[in-house]
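So you can see what is in the structure, the chains are spelled out below.
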Protein chains: 2
Amino acid sequence: VRLSDLGEFGFIHRITPGCIVEPERVVMGIGDDCAVTLGENGYLNLVTTDLLIERIHFVLDFTTGYQLGQKAMAVNLSDIAAMGGTPRDAVVSIAIPKHVDVQFLDELYRGLKAMARRHGLNILGGDTSRSEHDLILSVTMTGRVREDQVLYRAGARPGDRIFVTGYLGDSAGGMHAVVNHRLPNNDNATTLAARYREPLPHVRQGQAIAATGLASAMIDISDGLSADLTHVCTTSGVGCVIDTHRLPLSSELKAYCEKTGLDPIALALYGGEDYVLLCTGDAELGASLRTSGADAIEIGDITDGKERVIRRTDGTHEQLGLGGWDHFRSER
Amino acid sequence: VRLSDLGEFGFIHRITPGCIVEPERVVMGIGDDCAVTLGENGYLNLVTTDLLIERIHFVLDFTTGYQLGQKAMAVNLSDIAAMGGTPRDAVVSIAIPKHVDVQFLDELYRGLKAMARRHGLNILGGDTSRSEHDLILSVTMTGRVREDQVLYRAGARPGDRIFVTGYLGDSAGGMHAVVNHRLPNNDNATTLAARYREPLPHVRQGQAIAATGLASAMIDISDGLSADLTHVCTTSGVGCVIDTHRLPLSSELKAYCEKTGLDPIALALYGGEDYVLLCTGDAELGASLRTSGADAIEIGDITDGKERVIRRTDGTHEQLGLGGWDHFRSER
């Protein structure tokens, strides 16, 4: 069997058995934004980890050290946010190749620390190494969440509405602008590029959603709305309908797409790295979110069955594609 | 300034300021085998992390997948052991290049899980990615230790004795045998190679030492006796004398060195990756260790001042070299 046949999720499925040997303290192992273990005094412990590897996850031509440091923290903070949690501590490991200089590293750590400080997160340590080829960053982050507030991917119920906490597609539009060097003299592209390079994790919004006690499921949108909503639907055993006219699109994305001929709806559905949150819940959640400060926008409904459907403005329906990124199967 | 001028410890020193923003829950940040934070019910939380990168930390020709998996866990378990702690949970991230196949990965995870199971450690999750060049493993491990038993590198006092929990130099001898293809028809080399490829972390011994309540400092010997004892001495503000005739050398190492002309004392002092523990304490600790099950061997004394000295069998003294491995400064 080959890794490209297994795919990333097939591989994860293959290695999962036997990972938990002390199940009584584990609430959630592999399969959500964070792993969850029993804590003390009404709290659960959260842990998440992300690798960032040069030429796989980022290209040095397209990011400053500061931006890369911020982003390495942001992607992990977003996982903590997706559980409704509060970040606590992180360890940061780095392997440094010869082409990365101290000035870049100083900026990288300035970015890591700035993002950490903003969220009351300690950097407790890490490991340092040289690297033959690529710059490698590995961040592991812990957090905690009240056990009566934790939210998982599983839990969405037929009849629930679907909410997101911010614009979709901006990061994909920004990546397009960066890769195609469309930044000079285009304010919209510059704004989108900043959203791609400097994503802001929705930690406060996640906590506000969790604090309502009314949401049924939550996930962060890192792989794209389609891929991440599919995770919610498959783990919850439900379907969904997304109304394309309700997808929150920034004015910058609309203007940039008009100029470049890109389809903003496709970017919103299948682009990744927006790092906004998606949650589900009933009408009461919707009412509560309007006053919660979570800035959530309703974009569709959870349905009975397994169909995942897009409803276009003209009333036509189509299947929601899978989208997302499989590290072992595909070349984007 | 260049990274090769800073060196690994200079770089760590440079990035440390500003890492801790919530100091009230941090007992020990960067600078010991584990970071330590306040826990509950009389326990402290421990966290450690290690990167293992192909061509930097290992070569695929010289290890099986199973051995590599075991070792990736063992190096982190050894850090937990060095604090007197009990391992709890781990996350394992992996980036996989095209030349690594599923059979190797199956063996790798079998080794990771076998070592985890032996120590009651859960693998809670991780991140998976492809890699352009090298196989990359990043393990982050948590543990805990009773707050009245935790041991740090700092704490050694003049007059203390120095103890180690096992043979020194075997791993360096084993690496020599592996790299020089001296394995066939040489039982001693095979035994040493197994100690290099399959180190066993001294978790039980670390707990036994901590439970005496009599040790003043502890560290694991990963970079070599010289380098790690130097960490104890500099953080404790003391010196040391090592008696070379007391260094515990295995019969296999002695036989292998006789055959190859290697100096077993040099391997014991400056070789790395033995993953035994070093601790310090007074005569009462020595007496207690004899009945503790920690199998500790006395090898020298902590002294006043800053001198670090080797006392040879013939009575001559010399300075203890630094040894150890600087990822940014040196090519071993």
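Look up a bit, the structure's there.
Residues numbered from 1 in each chain as written. Chains lettered and ligands numbered in written order. Predicted model: local features only at pLDDT ≥ 70, side-chain atom pairs only at ≥ 80, totals over all residues. Heavy atoms only, no water.

**Q** Can you lay out the overall build of chain A for me, pointing to particular residues and giving the numbers?
**A** If you tally the helices and strands in chain A, you get ten helices and 14 strands. Over its C-alpha atoms chain A spans a radius of gyration of 20 Å, differing by no more than 12% from the 20 Å that the globule rule assigns to 332 residues. On the principal axes, the C-alpha backbone points of chain A span a range of 55 × 55 × 50 Å. When each of the 332 residues of chain A is scored for burial, the buried share is 59%. Long-range pairs, those at least 24 residues apart, make up 82% of the contacts in chain A with a sequence separation of at least 6. Looking at chain A as shown, the accessible area adds up to about 13000 Å², and 48% of this sits on carbon and sulfur atoms. (Helix = DSSP H or I, 4+ residues; strand = E, 2+ residues; numbered from the N terminus. Rg over C-alpha atoms; globule rule 2.2 N^0.38 Å. Buried < 20%, exposed > 50% of the residue type's maximum accessible area, 1.4 Å probe, protein only. Contact = heavy atoms within 4.5 Å. Areas by Shrake-Rupley, 256 points an atom, 1.4 Å probe, with all protein chains shown as cover.)

**Q** Hey, could you go over the pattern of salt bridges for me, with residue numbers and the actual values?
**A** Taken as a whole and assessed by the stated rule, the structure comprises 38 salt bridges over all chains. Across the pair Asp148 of chain A and Arg146 of chain A runs a salt bridge, and its minimum N-O distance is 2.8 Å. Residue classification places Asp148 of chain A among the exposed residues on the basis of a relative accessible area of 53%. Among the ionic pairs, Arg153 of chain B bridges to Asp32 of chain B, the shortest N-O distance being 3.8 Å. Separated by 121 residues along the polypeptide, Arg153 of chain B in the loop between β7 (136–146) and β8 (161–164) and Asp32 of chain B in the loop between β1 (26–28) and β2 (35–38) bring together distant segments of the chain. (Salt bridge = Lys/Arg side-chain N within 4 Å of Asp/Glu carboxyl O.)

**Q** Go over the relation of the copies chain B and chain A with me, naming the residues and quoting the values.
**A** By a simple turn and slide, chain B fits onto chain A: the slide is 0.0 Å along the axis, the RMSD is 0.0 Å, and the turn is 180°. In short, the pair behaves as if placed about a two-fold rotation axis. (Least-squares fit on C-alpha atoms with pLDDT ≥ 70 in both.)

**Q** Outline the interface of chain B and chain A, listing residues and values.
**A** Counting residues at the interface gives 69 residues for chain B and 69 residues for chain A. Counting the surface lost from both chain B and chain A, the interface buries some 5900 Å², and carbon and sulfur atoms represent 60% of this. Remark: the boundary between chain B and chain A carries four salt bridges. A salt bridge links Asp106 of chain B to Arg14 of chain A; the nearest nitrogen and oxygen atoms lie 2.7 Å apart. One can count 26 residue pairs in polar contact (both at pLDDT 80 or more) joining chain B with chain A. Of all the elements in the fold, those that place two or more residues in the side of chain B that touches chain A are α1 (3–15), β2, β3 (43–53), β4 (86–96), α3 (102–118), β5 (122–125), β6 (128–130) and β7 of chain B. (Buried area = accessible area lost by both parts, 1.4 Å probe. Polar contact = N/O pair within 3.5 Å; in protein donor to acceptor, adjacent residues only side chain to side chain.)

**Q** Mind laying out the packing of helix α4 (residues 170–179) of chain B against helix α5 (residues 187–197) of chain B, listing which residues take part and the relevant values?
**A** Residue and element names in this part refer to chain B. Where α4 contacts α5, the two axes come as close as 7 Å, and the packing angle between them is 110°. Comparing the axis directions of α4 and α5 gives the class roughly perpendicular. Considering how the two elements wind past one another, α4 and α5 form a crossing that is left-handed. Taken together, the residues of α5 that come into contact with α4 (itself represented by Asp170, Ser171, Gly173, Gly174, Met175, Ala177 and Val178) are Ala189, Leu192, Ala193, Arg195, Tyr196 and Arg197. Residues that form the contact of α4 with α5 fall into these classes: seven nonpolar, three polar and three charged. (Axes fitted to C-alpha atoms, helices over the stretch in contact; angles between N-to-C directions. Parallel < 35°, antiparallel > 145°, perpendicular 65-115°, else oblique. Left-handed = near helix turned anticlockwise from the far one by under 90°. Nonpolar A, V, L, I, M, F, W, Y, C, P; charged D, E, K, R; others polar.)

**Q** I'd love a proper account of α5 of chain B, names of residues and values included.
**A** All names here are of chain B. Turning to α5, its buried residues number three or more, namely Ala189, Leu192, Ala193, Tyr196 and Arg197. Along the long axis of α5, the arc covered by the buried residues comes to 130°, so they all point the same way. If you follow the buried residues of α5, they end up packed against α2 (65–81), α4 and α8 (251–260). (Arc of directions from axis to C-beta.)

**Q** Which residues make up the pairing of β4 of chain B, and what values do they have?
**A** Residues and elements named next belong to chain B. Counting buried residues in β4 gives nine out of eleven residues, a clear majority hidden from the surface. Relative to β7, β4 is paired through nine bridges, and the arrangement is antiparallel. The partner of Ala90 across the bridge, within β7, is Met141. Pairing geometry for β4 and β5, over three bridges, is parallel. Paired with Val91 across the two strands is Gly125, which belongs to β5. (Pairing = 2+ DSSP bridges.)

**Q** How would you explain the sheet that holds β8 of chain B if you had to name every residue and give the values?
**A** Residue and element names in this part refer to chain B. Spatial strand order, β9-β11-β8-β12-β10-β13-β14: seven strands in an open sheet with mixed pairing. Every other strand in the sheet has two partners, leaving β9 (215–220) and β14 (317–319) as the edge strands with one partner each. Looking at each pair of strands side by side, their axes are set apart by 25° on average, direction ignored. As defined by bridge partners, strand β10 (residues 239–243) adjoins strand β12 (residues 297–303) across four bridges and the pair is classed as antiparallel. Bridge assignment links Cys240 to a residue of β12, and that residue is Ile302. Sheet contacts for helix α7 (residues 225–236): β8, β9, β10, β11 (277–281), β12 and β13 (308–311); angle to β9, the most-contacted strand, approximately 140°.

**Q** Account for the environment of Asn122 of chain B, naming residues and giving values.
**A** Among the structural elements, Asn122 of chain B can be located in strand β5. Distance from Asn122 of chain B to Met73 of chain B, taken between C-alpha atoms, is 11 Å for residues 49 residues apart in sequence. Not counting chain neighbours up to four residues away, the residues in contact with Asn122 of chain B comprise Cys19, Ile20, Val21, Glu22, Arg25 and Val26 of chain A together with Arg88, Asp89 and Ala90 of chain B. In this structure the side chain of Asn122 of chain B is engaged in a polar contact, spanning 2.8 Å, whose partner is the backbone nitrogen of Val21 of chain A.

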